Amino acid sequence: MSKLHQLAMQQTPFTPLGQTTPAFPGCIIGRQGTKINEIRQMSGAQIKIANAMEGSSERQITITGTPANISLAQYLINARSEVIAC
């Protein structure tokens, strides 16, 4: 098991409803969806990002899959938002 998978398994998986992105959703989505597609492929989870609600910059993220898939997707999204300064 890779170090990334080991770290992901230590995270508590989040419930697939009610999660929002950080203030910079473009960092997570990437140009033409390349980064979010990479996270989907790496984690094996289904990830849906809703459009921003009127008057808000936050966007709801819904993640579904096995607990391990959800945990890895959450870890990768959080790592991307913390490491990349947009």
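Residues take numbers from 1 onward in each chain, read along the sequence in its written order. At least 70 in pLDDT is required for a residue's local features to be given in this predicted model, at least 80 for side-chain atom pairs to be given and counted, and no such filter applies to totals for whole chains, interfaces and linings, which use all residues. Each side-chain value is derived from all of the structure's non-hydrogen atoms; neither hydrogens nor water enter the calculation.

### Looking at the overall build of the chain
Right, on to step 1. Runs of E in the DSSP output that reach at least two residues are strands. Runs of H or I that reach at least four are helices, and both are numbered from the N terminus. For the chain, the count of helices and strands is 4 helices and 3 strands.
Right, on to step 2. Each helix (α) and strand (β) of the chain, taken in turn from the N terminus, gives the series α-β-α-α-β-β-α.
Right, on to step 3. Within the span of the chain, comprising 86 residues, buried residues form 28% of the whole.
Right, on to step 4. Across the chain, the fraction of contacts at a sequence separation of at least 24, relative to all contacts at a separation of at least 6, is 62%. Exposure categories follow from relative accessible area, calculated using a 1.4 Å probe and restricted to protein chains: below 20% of the type maximum is buried, above 50% is exposed, and the middle band is partly exposed. Working rule for contacts: check all heavy atoms of both residues, and any pair within 4.5 Å makes them a contact.

### A short note on the environment of Ala73
Right, on to step 1. Position of Ala73 among the secondary structure elements: in helix α4 (residues 67-83).
Right, on to step 2. A C-alpha to C-alpha distance of 8.1 Å links Ala73 and Ile47, two positions 26 residues apart in sequence.
Right, on to step 3. Aside from chain neighbours lying at most four places away, what touches Ala73 is Ile39, Ser43, Ala45, Ile47 and Ile63.

### Side note on unusual backbone geometry
Negative phi characterises most residues that are not glycine, and trans characterises most peptide bonds.
Right, on to step 1. Despite not being glycine, Gln32 has its phi angle at roughly 55 degrees, a positive value.
Right, on to step 2. Inspection of the secondary structure assignment puts Gln32 in the loop between α2 (25-29) and α3 (34-43).
Right, on to step 3. Residue classification places Gln32 among the exposed residues on the basis of a relative accessible area of 79%.

### A word on the nonpolar core
One broad trend across soluble globular proteins is that nonpolar side chains are buried collectively.
Right, on to step 1. Take the buried Ala, Val, Leu, Ile, Met, Phe, Trp, Tyr and Cys residues and link them wherever side-chain atoms come within 4.5 Å; each set so joined is a nonpolar core. Of all hydrophobic cores here, the largest spans 12 residues; its members are Ile28, Ile36, Ile39, Ala45, Ile47, Ile61, Ile63, Ile70, Leu72, Ala73, Leu76 and Ile77.
Right, on to step 2. Mapped by element, the contributors of at least two residues to this core are α3, β3 (60-64) and α4.
Right, on to step 3. If you tally residues by element for this core, the top one is α4, at 5 residues.
Right, on to step 4. Not counting residues within four places of it along the chain, the set of residues in contact with Ile39 comprises Ile47, Ala73, Leu76 and Ile77.

### Points about the pairing of β3
Right, on to step 1. Alternating residues of β3 divide into Ile61 and Ile63, all buried, and Gln60, Thr62 and Thr64, none buried.
Right, on to step 2. Strand pairing is defined by DSSP finding a minimum of two bridges between the two strands. Here strand β2 (residues 46-49) pairs with β3 via 4 bridges, running antiparallel. Within β3, the residue paired with Ile47 across the bridge is Ile63.

### A closer look at the side chain of Ser43
Right, on to step 1. Turning to its location among the elements, Ser43 is positioned in helix α3.
Right, on to step 2. Assessed through its relative accessible area of 4%, Ser43 is described here as buried.
Right, on to step 3. By the criterion applied in these results, polar contacts are pairs of N or O atoms within 3.5 Å in which, for protein atoms, one can donate a hydrogen and the other can accept it, and in which residues neighboring in sequence qualify only through two side-chain atoms. Engagement of the side chain of Ser43 in a polar contact is seen with the backbone oxygen of Ile39, the distance being 2.8 Å.

### Structural notes on α3
Right, on to step 1. Taken residue by residue, α3 has Ile36, Ile39 and Ser43 as its buried positions. Along the axis of α3, the buried positions cluster into a sector of 55 degrees, meaning they face one direction only.
Right, on to step 2. Two residues or fewer after α3 comes Gly44, characterised by a positive phi angle close to 80 degrees. In this context, the arc is that of the directions from the helix axis out to the C-beta atoms.

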